[in-house]
Amino acid sequence: MARDYPLVDLVNQIFSNAADPLQGRQLPILYSARDYGFYSLSGNVGSRIGHAVGWAMASAYSGDDRVAIGYIGEGTTAEGDFHEALTFAAVYRAPVILCVTNNQWAISTF
Ligand SMILES: Cc1ncc(C[n+]2csc(CCOP(=O)(O)OP(=O)(O)O)c2C)c(N)n1
Ligand SMILES: [Mg+2]
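Since this is a predicted model, take the numbers as computed values, not measurements.

Rules behind the numbers
- Residues numbered from 1 in each chain as written.
- Chains lettered and ligands numbered in written order.
- Predicted model: local features only at pLDDT ≥ 70, side-chain atom pairs only at ≥ 80, totals over all residues.
- Heavy atoms only, no water.
- Donors = N, O, S within 2.8 Å, 3.2 Å for Na, K, Ca; no water.
- Helix = DSSP H or I, 4+ residues; strand = E, 2+ residues; numbered from the N terminus.
- Buried < 20%, exposed > 50% of the residue type's maximum accessible area, 1.4 Å probe, protein only.
- Contact = heavy atoms within 4.5 Å.

A.B. asks: Even after reading the chapter, I still don't get the coordination of the magnesium ion (ligand 2), so can you show me in this structure?
C.D. replies: Octahedral metal centres with six donors ideally show angles of 90 or 180 degrees, and tetrahedral centres with four donors ideally show 109.5 degrees. The protein atoms that coordinate the magnesium ion (ligand 2) are E74 (OE), N103 (OD1) and W105 (O), at distances of 2.1 to 2.3 Å. Summarised as a motif, the one-chain spacing of the donors to the magnesium ion (ligand 2) is E-x28-N-x1-W. Taken as a pair, E74 in the loop between β1 (68-73) and α3 (80-91) and W105 in the segment after β2 (96-101) lie far apart in primary sequence, 31 residues in all.

In structure tokens:
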């Protein structure tokens, strides 16, 4: 929404209807919008956080000034993917922001 993605397209993806931009290939709310620089979400928590770092590394390697941002919850910091992403981001000084939202819950576990 912040990047002016059309709300109708967004809702069509949620309903996986005939006008779904992803043509039913992804679960509801797991958006992807290449034209808006929005990389796909994943149902497997944390699996995209390393991709954000890799995207940032590739961006720096190709000489542009773009920055990647990846979002996860605090429960997902228990995943190995998170620690691998931190290691690569630190070692390669990737232009990436890794945002962890701490809501004190991972499904039903406080
Ligand atoms: C790899 C993987 N393991 C387990 C799950 C099941 N799962 C779905 S949401 C969730 C908890 C996520 O908690 P948190 O990262 O804190 O995110 P929040 O929903 O609180 O924003 C888990 C364990 C999953 N989707 N993927
Ligand atoms: Mg949480």
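A.B. asks: What should I look at first to understand the environment of L98 in this one?
C.D. replies: Assignment of secondary structure puts L98 in strand β2. By relative accessible area, which is 22% here, L98 ends up partly exposed. Each C-alpha atom, one on L98 and one on R34, is 20 Å from the other, the two residues being 64 residues apart in sequence. If we ignore the near neighbours within four places in the chain, the residues touching L98 are I49, V53, G70 and L86.

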